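Here is how the chains run, residue by residue.
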Amino acid sequence: MAKEINTIGVLTSGGDAPGMNAAIRAVVRQALSKGKKVKGIKRGYAGLLNEEIIDMDAKSVSDSISRGGTILQTARCMEFVTPEGQQKGAEICRKHGIDAIVVIGGDGSFKGAQKLAALGINTIALPGTIDLDIACTDYTIGFDTAVNTAMEAIDKVRDTSTSHERCSIIEVMGRGAGHIALWCGLANGAEEILLPEKFDNDVDKLIERVVSAKKKGKQHYIIVNAEGIGHSQSMAEQIEKATGIETRATILGHMQRGGSPTCKDRVYATTMGAMAVDLLCEGKSNRVIGHKGGEFVDFDIDEALAMTKDIDEYMYQISESLV
C-alpha cells in the first residue's frame, strides 16, 4: 500500500516561464484543500540543497496568478546532477518532512525529479518552459505567453521596417527548438522562417530570395530567426552588403520570458498544478503531466524523457506556401 502523503514540496527549476506562478498557486491551494501541508523550495534544486525551504499557506500565493516569472525563484544547479547531490537532496526532503515534490521545469528538471523518485521521494513533474520542446506534451507552461509577446513585438518591427523599406531579421528564443519561430512566422506573415530543424545555413539562397522579393515590389522582408541558429547581426550585415537593402537585426531576448501570463497559460498551468497534487494523493510518483489530444494526461518520467519531438511538418509546409 502506498505511503500516505502529508507534506508536499514545490519548486521551479531552469528557465522561468509565465504561468509558473499559476501552477505553484494551484499546488498550494489544492494540497491545502486536501488537508496536506505545503513547503516551498526556493531557487530550484540549488535551494533544496541549501535548505531554502519555507512553509506555504493560501496567503503565500495570493495575487500571484497574474504575475510572470516565479515567486519561488529559480536557478540551475550542477551539484544536483551528481549522485551525491541527489542523495543529499532526498535526505534534506526527509529532514524537513517532505514526502513528495512537484517540480515545474523542463527536461533537465525532469531528470532531477526522476532521481528523487528513485530515492523514495514521490515526484510529479510539470512542463514549464517557453520553448515547447518537451516531447510528451503538445503544451508547455509559458509558451502561449511567450509566443504572443514575440508576435506583438514582430508586428511593431514590421511597421517600421515597412516605413523604411528594410529587411528585418527578428531573433526569437527557443534554444535548439524552432517552435516559437514557426508559430511567430505564421502569425506574423513572415517572408522567411529560419528553424534549426530545417535551415541549411545557405545565406546565399536567402539573399537571392530577398532580392527577388524586392524586384517584385515588396516593401519589406521579415525574417524570423530561431535562437538555435542565431548569428542574426552577422546575417543582417551579409544581406545588406550583398543587396544594398538596409537590413536590421532585432534580438527579442528575455522579454519573451516575462509578462503577465495569457488566459491559456493561467488555466492550463492551474489545471496541471491541481492534477499533480491529485496524483500524489493517489500514491503516484515519477510522473510527468502533459496535454495531448485535447486532454490532460500523465506519463512515466522515464518514458517521457525517451520521447523525441520535431516541429509540426504541416505548419512548416504552409509557412512556405503562404509567402
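Going by the structure above, here's the rest.
In terms of regular secondary structure, the protein chain is built from 11 helices and 11 strands. Seen through its C-alpha atoms, the protein chain measures out along the principal axes to roughly 70 × 35 × 35 Å. Within the protein chain, the proportion of its 323 residues that are buried is 52%. Taken as a whole, the protein chain presents about 14,100 Å² of accessible surface, with 48% of it coming from carbon and sulfur.

As a further point, take unusual backbone geometry. Positive phi, close to 60 degrees, is recorded for Glu 51, a residue that is not glycine. Summarising the element assignment, Glu 51 is placed in the loop between helix H2 (44-49) and strand S3 (53-56). Residue Glu 51 is classed as partly exposed on the basis of its relative accessible area of 31%. Phi at Asp 63 takes a positive value of approximately 55 degrees, unusual for a residue other than glycine. Position of Asp 63 among the secondary structure elements: in the loop between S3 and helix H3 (83-95).

One open sheet holds the 4 strands; their spatial order is S7-S8-S6-S9, and the pairing between them is parallel. With one partner strand each, in any of the chains shown, strand S7 (192-194) and strand S9 (247-251) form the two edges of the open sheet. Neighbouring strand axes in the sheet, compared pairwise and without regard to direction, differ in orientation by 15 degrees on average. One ladder, built from 3 bridges, connects S7 with strand S8 (residues 221-226); its direction is parallel. Across the sheet, the residue bridging to Ile 193 is Val 224, located in S8. Packing against the sheet, helix H5 (residues 143-163) makes contact with strand S6 (167-172), S8 and S9, and its axis sits at approximately 165 degrees to S6.

Definitions and cut-offs
- Residues numbered from 1 in each chain as written.
- Predicted model: local features only at pLDDT ≥ 70, side-chain atom pairs only at ≥ 80, totals over all residues.
- Heavy atoms only, no water.
- Helix = DSSP H or I, 4+ residues; strand = E, 2+ residues; numbered from the N terminus.
- Buried < 20%, exposed > 50% of the residue type's maximum accessible area, 1.4 Å probe, protein only.
- Areas by Shrake-Rupley, 256 points an atom, 1.4 Å probe, with all protein chains shown as cover.
- Pairing = 2+ DSSP bridges.
- Axes fitted to C-alpha atoms, helices over the stretch in contact; angles between N-to-C directions.
- Contact = heavy atoms within 4.5 Å.

Scope: geometric values only; no functional claims are made or implied.
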